[in-house]
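Per-entry structural report
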Amino acid sequence: QVQLVESGGGLVQAGGSLRLSCAASGRTYGMGWFRQAPGKEREFVAAISWTGGSTSYADSVKGRFTISRDNAKNTVYLQMNSLKPEDTAVYYCAAHRSFNVFVTPEFYDSWGQGTQVTVSS
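Quick summary incoming for the structure in this document. The structure presented is a predicted model; accordingly, all values stated were derived computationally and were not measured. (Residues numbered from 1 in each chain as written. Predicted model: local features only at pLDDT ≥ 70, side-chain atom pairs only at ≥ 80, totals over all residues. Heavy atoms only, no water.)

By the secondary structure assignment, Ser17 is in the loop between strand E2 (10-13) and strand E3 (18-24). Using a relative accessible area of 40% as the deciding quantity, one classes Ser17 as partly exposed. With 65 residues separating them in the primary sequence, Ser17 and Ser82 have C-alpha atoms 6.2 Å apart. Sequence-distant contacts of Ser17, defined by excluding residues within four places in its chain, comprise Val12, Gln79, Met80, Asn81, Ser82 and Leu83. (Helix = DSSP H or I, 4+ residues; strand = E, 2+ residues; numbered from the N terminus. Buried < 20%, exposed > 50% of the residue type's maximum accessible area, 1.4 Å probe, protein only. Contact = heavy atoms within 4.5 Å.)

Dropping the structure here:
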């Protein structure tokens, strides 16, 4: 397992942007972002393959969020634009040891501590 540390969360007005970063302690393969709002289950947001050549997004964020990675820095990013109040949640970075793209949390074996994103209306 690798250690994952998220950063970049905060408070933003609706329509604004944030960029989340996730720094890994070592080399990672497939990576993903999940989020969990109060009283709700953790849900998939975006995922990216080891090379960055394959990505997947939840329908709710498609066209607004972009996942990317810099393997030289062992870091994955989530650019979030046109934010909505319903995007408010704790955002978690996760990693797994496969070259595939996974959209469900059970395939991931390393998780960060989470970073809070709050979007005000």
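More follows now that the structure is in view.
If you look at the biggest cluster of nonpolar residues, it comprises 34 residues, and the most contacted ones within it are Trp33, Leu78, Met80 and Tyr91. If you list the elements that add at least two residues to this core, you get E3, strand E4 (30-36), strand E5 (43-48), strand E7 (65-70), strand E8 (75-80), strand E9 (89-96) and strand E11 (115-120). Those residues in contact with Met80, other than ones at most four positions away along the chain, are Gly16, Ser17, Leu18, Leu20, Arg64, Phe65, Tyr91 and Val117. (Core = buried A, V, L, I, M, F, W, Y, C linked by side-chain atoms within 4.5 Å.)

Two descriptors summarise a pair of aromatic rings, namely the distance from one centre to the other and the angle between the planes of the rings. Counted under the stated rule, the structure contains eight aromatic pairs. When the ring of Phe34 is compared with that of Phe44, the centres are 5.8 Å apart and the planes differ by 70 degrees; the resulting orientation is edge-to-face. Placement of the pair is Phe34 in strand E4 and Phe44 in strand E5, with a sequence separation of ten residues. Residue classification places Phe44 among the buried positions, given a relative accessible area of 14%. Geometrically, the ring pair formed by Phe34 and Trp111 is tilted, given 5.1 Å between the ring centres and 55 degrees between the ring planes. Of this pair, Phe34 sits in strand E4 while Trp111 is found in strand E10 (residues 110-111), placing the two residues 77 residues apart along the sequence. (Phe/Tyr/Trp six-rings, centres within 6.5 Å; stacked < 30°, edge-to-face > 60°.)

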